[in-house]
Amino acid sequence: MTTLPPSPSSSHSQTTCASLLQELQVIWDEIGESDVERDRMLLELEQECLDIYRRKVEMTRKSKADLHHSLAQFESEIAKIVTALGEHSFSFSRRKGTLKQQISYIRPVLEELRSKKKQRVKEFTETQSQIAQICAEIAGNGQSMSSSDPQVDEHDLTVKKLGELKSHLQELQNEKIIRLQKVHSHISMIHELSVVMSFDFFKTVSGIHSSLVDPANGQSKSISNDTLAKLTSVINSLQQEKQRRLQKLQCLGNTLIELWDLLDTPPDERKRFEHVTSLISSSVNDVFRQGSLGLDIIEQVEVEVQSLNVLKASKMRELVFKRQNELEEIYRGVHIDVNSDAARQILINLIDSVFQRAYADNVDLSNLLSSMDDQIAKAKQEALSRKDILDKVDKWKHASEEEKWLDEYEKDENRYSAGRGVHKNLKRAEKARSLDSVLTMLEEYTVLRQAREDEKRRSREQKRQQEQFAAEQEALFGSRPKKPLGQANAMVGTPTGRRISTPAGKHGVSTLKERRETSRVNNAIPLNFVALPKEDPMSRGN
């Protein structure tokens, strides 16, 4: 057994023990203790000293074991932290020396690693918290997730894992930015549509999500899928409503213009609804003015249209007869007979009937005017097609009047006497003779044309009778009789026209005067002018 070298304190203890034993011997002597009792008491003292030594040794051994255990725990914790942090470049080796020296060396290293781990855990916690928050906002339950911290896996705190989390966080942040931009864009669109149609913007948006109008306690605007879907749905609904209102106003605007034109409304009164008529040619994407599609505007225009319809109904009779007068004037200009009284009576009855249905069933009275406008257009077109023949009629009338004047002029025995205006009369007589020659040629051509028409008509009638006779014969005898020999030449072809020479001077005029008198109808109308039968003005438009 190795004995420890005596120390100054142990020498002092031994001296103290020796003096105590001497003092104890003196006391025992005075008491008169026996040697047996004295030996027993000394044996007890020795045993007690040994027990104290044993306890001290055990305590020292335990302290040594604790130091070994602590050193091993420190080393194990260092290894775990290094592995969790992924610090593969970190190296640690135990130094030589006493246990306390080794612990004094390893403790600062462990504290540094613990601090690094704590910082890394904090970064993980913050990153995962942000990820969880954004995911919750996208899912639509951001409030419930914001109060709980995420669980961090402390066995994997590597920089790589942290980088992956931060990369994912960046993606989510970008997604959040995009969603916020969409939300702001949708809100802006709803505001724009609300302004145009005079909607309550705040009521509309707050009905989707309260955070879109007034975020509380720093809460950001909702970016959830549900919110975006509702915003999109509201925008689509508002756009459809905008399209519907614009179409309604455009229809009302067109009706206003038609009524204005029909009633000759002055420009000053039309300006009151210029904001409506300006929308007629606008597309839905061009309408931005505040309140331009509000319900109050639509109601105002509807009231105006109703009042104009009432006014139109009261003036319908005047407008219809104004067009009837125009129609009759066109017919008179082209020499078409019109039964004005009967036409006007028909119009009166029709207007009364339309008025009764209009007040009862809100019937549109403009159809009658449209029909009459069509009749006027057709009448103008027909007048244009008759222009050439009417010009010829006018020339014919003029030639007849000049011929009549020439006859009276030739009967005047003083026509060659000197006087004022004689040379003008001579020139007029010369022109009248030329016109009379032309008139004679036209009359001869008219007579010849009439003869041709009569011959064709007789031929058609003869052919019809022969076909009827042949049919009767076939019905009686069962076979068609042979044609007579002369039937092949019964059809008369177009007669050969003869050349008409213009007679010269007065002699040519006087020889044909009697024939002109018999062939001229009313001294003006040629034979090829056909008077049209009287027609119902209303039936011509159908």
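All residue numbers here refer to positions counted from 1 along the written sequence of the relevant chain. Local features in this predicted model are restricted to residues whose pLDDT is 70 or higher, and side-chain atom pairs enter the listing and the counts only when it is 80 or higher, whereas totals over whole chains, interfaces and linings include all residues. Water and hydrogen atoms were dropped before computing side-chain values, which therefore reflect all heavy atoms in the structure.

Colleague: I tried to follow the overall build of the protein on my own but got confused; where do I start?
Modeller: Helix numbering and strand numbering both begin at the N terminus, where a helix is a DSSP run of H or I of at least 4 residues and a strand a DSSP run of E of at least 2. Of the regular secondary structure elements, the protein holds 17 helices and zero strands. Think of it in three bands: with a 1.4 Å probe and only protein chains considered, a residue is buried below 20% of the maximum accessible area for its type, exposed above 50%, and partly exposed in between. Going through the 542 residues of the protein one by one, you find that 29% of them count as buried. Only heavy atoms enter the contact rule, under which two residues are in contact if any of them lie within 4.5 Å. Across the protein, every contact between residues at least 6 apart in sequence was considered, and the portion connecting residues at least 24 apart equals 75%. To be clear on the numbers: accessible area is Shrake-Rupley with a 1.4 Å probe, and residue cover counts the displayed protein chains and nothing else. Of the roughly 36600 Å² that the protein leaves accessible, carbon and sulfur atoms contribute 53%.

Colleague: Can you walk me through the pattern of salt bridges in this structure?
Modeller: Pairing between side chains becomes possible if they bear opposite charge and their charged atoms approach one another. A pair is scored as a salt bridge if a Lys or Arg side-chain nitrogen falls within 4 Å of a carboxyl oxygen belonging to Asp or Glu. Inspection of the entire model under this criterion finds 24 salt bridges. The salt bridge partner of Arg40 is Glu37, with a shortest N-O separation of 2.0 Å. Of this pair, Arg40 and Glu37 both sit in helix α2 (residues 35-85), three residues apart, which is roughly one turn of the helix. Classification of Arg40 by relative accessible area gives partly exposed; the value is 38%. For the salt bridge of Arg61 with Glu58, the shortest nitrogen-to-oxygen distance reads 3.3 Å. Here Arg61 pairs with Glu58, and both are found in helix α2, just three residues apart, close to one helical turn.

Colleague: In this structure, what is going on with α2? I would like to understand it.
Modeller: By this rule the span expected of a helix is its residue count minus one, scaled by 1.5 Å. Here α2 spans 75 Å end to end across 51 residues, near enough to the 75 Å set by a 1.5 Å rise per residue. Listed in full, the buried residues belonging to α2 are Arg38, Leu71, Phe74, Ile78, Ile81, Val82, Ala84 and Leu85. Backbone geometry just after α2 places Gly86 at a positive phi near 75°.

Colleague: Looking at this structure, I do not really get unusual backbone geometry. What am I missing?
Modeller: Backbone geometry follows two general trends: most residues other than glycine have a negative phi, and most peptide bonds adopt the trans configuration. The backbone of Ser198 shows a phi angle near 60°, a positive value even though the residue is not glycine. Mapped onto the elements, Ser198 comes out in the loop between α5 (159-197) and α6 (201-206). The phi dihedral of Asp264 is positive, around 55°, even though this residue is not glycine. Relative to the assigned elements, Asp264 resides in the loop between α7 (225-263) and α8 (267-270). Residue classification places Asp264 among the exposed positions, given a relative accessible area of 58%.

Colleague: Even after reading the chapter, I still don't get the packing of α7 against helix α10 (residues 295-333), so can you show me in this structure?
Modeller: Working note: a packed helix pair is described by the angle between its axes plus the distance between those axes. Interaxial distance between α7 and α10 falls to 9 Å at its minimum, and their mutual angle equals 30°. Taken together, the axes of α7 and α10 are roughly parallel relative to one another. As for the relative orientation of α7 and α10, their crossing is left-handed in sense. Note on residue categories: nonpolar means Ala, Val, Leu, Ile, Met, Phe, Trp, Tyr, Cys or Pro, charged means Asp, Glu, Lys or Arg, and polar means any other residue, Gly included. Tallied by class, the residues present in the contact of α7 with α10 amount to 15 nonpolar, two polar and seven charged. Axis definition: a line fitted to C-alpha atoms, limited for helices to the stretch in contact. Angles are taken between N-to-C directions and run from 0 to 180 degrees. Geometric relationships in this document are graded by angle, where less than 35 degrees denotes roughly parallel, more than 145 denotes roughly antiparallel, 65 to 115 denotes roughly perpendicular, and other angles denote oblique. Here a crossing is taken to be left-handed if its near helix is turned anticlockwise relative to the far helix by less than a right angle, and right-handed if that turn runs clockwise.

Colleague: Explain the nonpolar core here, please?
Modeller: A general feature of soluble globular proteins is that nonpolar side chains tend to end up buried together. Ranked by internal contacts, the top residues of the largest apolar core, which has 56 residues, are Ile190, Leu249, Leu293 and Val301. At the level of elements, α2, α3 (99-139), α5, α6, α7 and α10 are the ones that each hand at least two residues to this core. Among the elements that line this core, the one with the most residues is α7, at twelve residues. Of all hydrophobic cores here, the second largest spans ten residues; its members include Met316, Val320, Leu369 and Met372. Only buried residues count toward a nonpolar core, which is a set of Ala, Val, Leu, Ile, Met, Phe, Trp, Tyr and Cys residues joined through side-chain atoms within 4.5 Å.

Colleague: Which parts of the structure should I look at to understand the packing of aromatic side chains?
Modeller: Two aromatic rings, taken as a pair, are described by how far apart their centres are and by the angle between their planes. Here a pair means two rings of Phe, Tyr or Trp (six-membered ring of Trp) with centres within 6.5 Å. Their orientation is stacked below 30 degrees between planes, edge-to-face above 60, and tilted elsewhere. Enumeration according to the criterion identifies one aromatic pair in this entry. Measuring from centroid to centroid gives 5.4 Å for Phe201 and Phe202, while their planes differ by 70°, and the two rings are edge-to-face. The buried category is assigned to Phe201, whose relative accessible area is 16%. Whether a charge sits over a ring depends on NZ of Lys or CZ of Arg being within 6 Å of the ring centre and within 35 degrees of the ring normal. A cation sits over an aromatic face here: Lys242 above Phe288, 5.5 Å from the ring centre.

Colleague: Can you help me understand the side chain of Glu328 in this one?
Modeller: Take Glu328: it is sitting in helix α10. If sequence neighbours within four positions are ignored, Glu328 has contacts with Val338, Ser340 and Arg344.

Colleague: What am I meant to see in the environment of Asp153 here?
Modeller: In this fold, Asp153 is placed in the loop between α4 (142-146) and α5. The exposure class of Asp153 is partly exposed, given its relative accessible area of 41%. Separated by 69 residues in the primary sequence, Asp153 and Ala84 place their C-alpha atoms 9.5 Å from one another. Counting of polar contacts relies on pairs of N or O atoms within 3.5 Å, with two restrictions inside protein: one atom must be capable of donating a hydrogen and the other of accepting it, and residues adjacent in sequence are counted only when both atoms are side-chain atoms. Side-chain polar atoms of Asp153 contact the backbone nitrogen of His155, separated by 3.2 Å.

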